[in-house]
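Structural features, examined
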Amino acid sequence: MKADVLVVGAGFAGSVIAERCASAGRQVLLIDKREHVGGNAYDESDAQGVLVHRYGPHIFHTNAPLVSEYLSQFTDWIPYEHRVLASLDKKLYPIPINQTTINRLYGLSLDEAGVARFLESVREPRSPIRTSEDVVLSTIGRDLCDKFFRGYTRKQWGLDLSALSATVAARIPVRTNSDDRYFTDSFQKMPAEGFTAMFARILEHPRIHVELGIDFRELRQRAEWKLLFYTGPIDEYFDFRFGPLPYRSLRFEHQHLSGVEQFQPVGTVNYPKDDDLFTRITEFKHLTGQQHSGTSIVREYSTSEGDPYYPIPRPENNEIYQKYATEAASERLAFFVGRLAQYRYYNMDQVVAAALKASETVLKAS
Ligand code: FAD
Ligand code: UDP
């Protein structure tokens, strides 16, 4: 097999890079070891015809016009603002924690200024802020931390909040008003026909050849290329020479409930208590706006074994990653982009931005 550009991985990183390189006149071979494109954002109709996300809920949001404008060439959008509730002792509370969460939990009726004063009275300021525990304790204090963050985090990561970098819990803001949206980005929309349909259009270029079900480890010996973009796990590319990078995996339990029009009031309900083994349940019809007499949900169970889904942000892992990154920087014709290749807890839009930037830089220089 021969190509100007070989792209490994057909998720957001690989697909955007393939499109950019093909549009710049290069012959591109894009491979994925899975039997489909889209990476972890892949969606499909289940047996009952409900559009579901095979690898867990994906909600598109961005503040970067460059990213939304780029993707808008390949899809129409439907507006969707994600809302999440946390289930605690059979009651539901908005997450991120906001005015309603605090009033409902403690039987109060505080206004915005009252909530700010309440948080000031319970927070445990810490300095410096290094871990996720520091972030949470210093904004909302111990009780709210233990109720909404400690158990969820332990289930999700198999680690205590204190063992994770600050960036993990810092993803979730705290609000004194009653805004109950999960994200506040200026662009919050879902691809009108789903992610997979959008990927198909991104890759619909005469100079892109897609081969599925092919593992780079096997192709490496027999393919020829001038440039390589690699979007799989970086430790695997280098044969784990500095040891394996830890990734967190998930098991997805999909279920269709026939005759049930709506299972839960919002897209996702989080289960922060240890007595439920799953972390969250997502009901896809909320995300997609699809009408159907039944409904499809997914429960997420975190595991240490299985496909790599999350890099695990903590200093000792970052140290290992830096060794691989140094090695990667010395490769002249290979470039590493994406959540697994850069070992970063990227959202989809950040991956698209990284892919646009990397392809522009490399194409200019070669
Ligand atoms: P991936 O999508 O992982 O693609 C990498 C591809 O490389 C895979 O298809 C893999 O099969 C392939 N590959 C790996 N190794 C090889 C090999 N040796 N040979 C051939 N192919 C290989 N982001 C959001 O913005 N909003 C969300 O709501 C959101 N929800 C998420 C929920 C879950 C459960 C998870 C796990 C992630 C979520 N994300 C979300 C993050 C989002 O999935 C990623 O940012 C994005 O999909 C990463 O794209 P990527 O191309 O870097 O990686
Ligand atoms: N988190 C939590 N409780 C919640 C929501 C989030 O403890 O109700 C913490 C947890 O550590 C989680 C992190 O915040 O892994 C980031 O949450 P996010 O919803 O961004 O995770 P993702 O959607 O990427 O799995």
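Description of the structure in this document. Here the structure is a predicted model, which means the values were calculated and not measured.

Counting secondary structure elements, the protein chain contains 12 helices and 17 strands. For 366 residues, the compact-globule formula gives about 21 Å, and the C-alpha radius of gyration of the protein chain, at 22 Å, lands near that figure. Expressed along its principal axes, the backbone C-alpha trace of the protein chain runs to roughly 65 × 50 × 35 Å. Going through the 366 residues of the protein chain one by one, you find that 56% of them count as buried. In the protein chain, of all internal contacts separated by at least 6 residues, the share reaching a separation of at least 24 is 70%.

On to helix 3 (residues 99-106), then. Given 3.6 residues per turn, any residue in an α-helix points the same way as the ones three and four places further on. Of all the residues in helix 3, the buried ones are Gln99, Thr101, Ile102, Asn103 and Leu105. Close packing links the buried residues of helix 3 with strand 7 (84-88), strand 8 (91-95), helix 4 (112-122) and helix 5 (132-157). Where helix 3 begins, the capping side chain belongs to asparagine 98, and its oxygen is found 2.9 Å from the backbone nitrogen of threonine 100. Directly beyond the C-terminal end of helix 3, a positive phi value near 65° is found at glycine 107.

Okay, the site of ligand 1 next. Residues in close proximity to ligand 1 total 33 residues, the closest being Asp32, His58, Ile59, Tyr346 and Met348. Here aspartate 32 contributes a side-chain N or O atom positioned 2.7 Å from an oxygen atom of ligand 1. In the complex, 96% of the free accessible area of ligand 1, which totals 1000 Å², lies under the protein chains. Taken together, the elements giving at least two residues each to the shell around ligand 1 come down to helix 1 (12-23) and helix 12 (348-365). Grouping the constituent residues of the shell around ligand 1 by class yields 16 nonpolar, nine polar and eight charged.

Before going further, it helps to examine the packing of aromatic side chains. Tallied over the entire structure, the rule returns 29 aromatic pairs. Considering the side-chain rings of tryptophan 157 and tyrosine 345, the 5.7 Å spacing of their centres and the 70° angle between planes classify their relative orientation as edge-to-face. With tryptophan 157 in helix 5 and tyrosine 345 in the loop between strand 17 (334-336) and helix 12, this pair connects stretches of sequence that are 188 residues apart. Its relative accessible area of 5% is what places tryptophan 157 among the buried residues. Relative to tyrosine 343, the ring of tyrosine 321 has its centre 6.1 Å away and its plane inclined at 20°; by these criteria the two rings are stacked. Of this pair, tyrosine 321 sits in helix 11 (residues 315-329) while tyrosine 343 sits in the loop between strand 17 and helix 12, and the two are 22 residues apart along the sequence. No difference in accessibility class separates tyrosine 321 from tyrosine 343, as the two residues are buried. One aromatic cluster in this structure is built from Phe216, Trp225, Tyr230, Tyr237, Phe238, Phe242, Tyr324 and Phe336. Positioned above the aromatic ring of tyrosine 237, the side-chain terminus of arginine 220 is 4.3 Å from the ring centre. For arginine 299, the ring lying beneath its charged end belongs to phenylalanine 278, and the centroid distance is 5.4 Å.

Helix length check: helix 5, at 26 residues, gives a terminal C-alpha distance of 12 Å against a target of 38 Å (1.5 Å per residue), a shortfall beyond 12%. A bend of about 120° at glycine 141 is the largest found in helix 5. Note on helix 5: the residue one or two positions beyond its end, glycine 158, has a positive phi of about 65°.

Our next topic: the site of ligand 2. Among the 15 residues in the neighbourhood of ligand 2, the closest are listed as Thr153, Arg171, Tyr182, Tyr310 and Tyr345. Relative to its unbound accessible surface of 520 Å², ligand 2 loses 93% to contact with the protein. Considering each element in turn, the shell around ligand 2 owes the most residues, six residues, to helix 5. For the shell around ligand 2, the residue count by class is 10 nonpolar, three polar and two charged.

A word on the sheet that holds strand 17. Taken in spatial order, the five strands of this open sheet run 10-2-1-11-17, and their pairing is parallel. Taken across any chain shown, the strands that pair with only one partner, and hence form the sheet edges, are strand 10 (208-212) and strand 17. Going across the sheet, the axis of each strand differs from the next one's by a mean of 20°, ignoring polarity. Alignment of strand 1 (residues 2-8) against strand 11 (residues 224-230), held across six bridges, turns out to be parallel. When the bridges of strand 11 are listed, alanine 3 appears paired with tryptophan 225.

Moving on: the sheet that holds strand 8. Strand order in the open sheet formed by seven strands is 8-7-13-14-15-12-16, with mixed pairing between adjacent strands. Lying at the two open borders of the sheet, with one neighbouring strand each, are strand 8 and strand 16 (310-311). In terms of strand pairing, strand 7 meets strand 8 through five bridges, oriented antiparallel. Paired with leucine 85 across the strands is proline 94, a residue of strand 8. With respect to the sheet, helix 3 is in contact with strand 7 and strand 8, its orientation differing from that of strand 8 by roughly 150°. Here helix 5 sits on the sheet and contacts strand 7, strand 8, strand 12 (247-257), strand 13 (268-270), strand 14 (280-283), strand 15 (295-303) and strand 16; the angle it forms with strand 12, its principal contact strand, is near 100°.

Criteria and thresholds
- Residues numbered from 1 in each chain as written.
- Chains lettered and ligands numbered in written order.
- Predicted model: local features only at pLDDT ≥ 70, side-chain atom pairs only at ≥ 80, totals over all residues.
- Heavy atoms only, no water.
- Helix = DSSP H or I, 4+ residues; strand = E, 2+ residues; numbered from the N terminus.
- Rg over C-alpha atoms; globule rule 2.2 N^0.38 Å.
- Buried < 20%, exposed > 50% of the residue type's maximum accessible area, 1.4 Å probe, protein only.
- Contact = heavy atoms within 4.5 Å.
- Polar contact = N/O pair within 3.5 Å; in protein donor to acceptor, adjacent residues only side chain to side chain.
- Near = heavy atom within 4 Å.
- Areas by Shrake-Rupley, 256 points an atom, 1.4 Å probe, with all protein chains shown as cover.
- Nonpolar A, V, L, I, M, F, W, Y, C, P; charged D, E, K, R; others polar.
- Phe/Tyr/Trp six-rings, centres within 6.5 Å; stacked < 30°, edge-to-face > 60°.
- Lys NZ or Arg CZ within 6 Å of the ring centre and 35° of its normal.
- Expected span 1.5 Å × (residues − 1).
- Bend = angle between axes of the 7 residues up to and from the residue.
- Pairing = 2+ DSSP bridges.
- Axes fitted to C-alpha atoms, helices over the stretch in contact; angles between N-to-C directions.

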